[in-house]
Amino acid sequence: MYGINLSACRRTTTGCISGWLLLILFSLSAIPAHAQPVDTTAPYIEIEELSNVRADRTQVFTVQVEEDTQLQEVTLYYRRNGELPYTAASMEEIGNTGYYSVSIPTDYQDLRTIEYYIKASDTSGNRTVSGFAFDPYRRTLTETANPSQPTSTPTLAVDTTQPAPSETRPLLQRRWVQITLGVLAVGAIASFASDSGDETRIVPLTFTLE
């Protein structure tokens, strides 16, 4: 595309040097201004391994991932001890903090160890794996109570020092007072009848006992 006058190079050294400089300048101008260097740096994963936690209905996994360009995805691969395949779970970023987290369903009665590893990849195709399928991280679980089991209902204490219900009634409503008043009333009526000399009659009296 660009040529150098070789005859000028033969005649003068200065002309030859000038020709080469022009060729270099034209070559540099042909490179697009928007060209960027290729990203060859893989993401960096920092994980805080929790080796012993309480069993629950879910388990949360959180890692920090650093990337110099643009991160594409962060994935958790997990399984229970004794299982063969791993299950993939996509991890979501917590705000713009660089921390990625995911919750997986578990059973509080299942105390099998959780084996897992994490993979992060960027848009350039670089990827990093923390842990391996053949040598994963391990999270052991300890027994816990049923999270959905309600707590025991408190019982109400009975105060035995309170007086009996009959002792708290008014005086005129107590049975023994009513009986006594009834007997006195019969005696008074009988005495009045004998003093008057009239024919004695038996007057029925009705007492209501509550």
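Residues numbered from 1 in each chain as written. Predicted model: local features only at pLDDT ≥ 70, side-chain atom pairs only at ≥ 80, totals over all residues. Heavy atoms only, no water.

Caption draft 1: View of a nonpolar patch on the surface. Together, Val129, Phe132 and Phe134 line one region of the surface with nonpolar side chains, adding up to about 330 Å² of accessible area. Position of Phe134 relative to the elements: it lies in the loop between β9 (127-130) and β10 (137-142). (Patch = residues over 30% accessible without salt bridge, like charges linked within 9 Å, V, L, I, M, F, W, Y side chains within 5 Å. Areas by Shrake-Rupley, 256 points an atom, 1.4 Å probe, with all protein chains shown as cover. Salt bridge = Lys/Arg side-chain N within 4 Å of Asp/Glu carboxyl O. Helix = DSSP H or I, 4+ residues; strand = E, 2+ residues; numbered from the N terminus.)

Caption draft 2: Inspection of the environment of Gln59 at higher detail. Topologically, Gln59 is positioned in strand β3 (residues 58-66). A relative accessible area of 5% means that Gln59 is categorised as buried. When neighbours within four sequence positions are excluded, Gln59 is seen to be in contact with Val53, Arg54, Val102, Ser103, Ile104, Thr106, Ile114, Arg139 and Leu141. For Gln59, the side chain forms a polar contact with the main-chain oxygen of Arg54, separated by 3.2 Å. (Buried < 20%, exposed > 50% of the residue type's maximum accessible area, 1.4 Å probe, protein only. Contact = heavy atoms within 4.5 Å. Polar contact = N/O pair within 3.5 Å; in protein donor to acceptor, adjacent residues only side chain to side chain.)

Caption draft 3: The arrangement of the pattern of salt bridges in detail. Scanning the entire structure with this criterion turns up five salt bridges. Among the ionic pairs, Glu83 bridges to Arg112, the shortest N-O distance being 3.7 Å. Of this pair, Glu83 sits in the loop between β4 (71-80) and β5 (87-90) while Arg112 is found in the loop between β7 (99-105) and β8 (114-122), placing the two residues 29 residues apart along the sequence. Glu83 gets classed as partly exposed once you look at its relative accessible area, which sits at 32%. Exposure remark for Arg112: the relative accessible area of 35% places this residue in the partly exposed category. Across the pair Arg138 and Glu115 runs a salt bridge whose closest N-O atoms are separated by 3.7 Å. Of this pair, Arg138 sits in strand β10 while Glu115 sits in strand β8, and the two are 23 residues apart along the sequence. One salt-bridge network, held together by shared partners, links Arg80, Glu83, Asp110 and Arg112.

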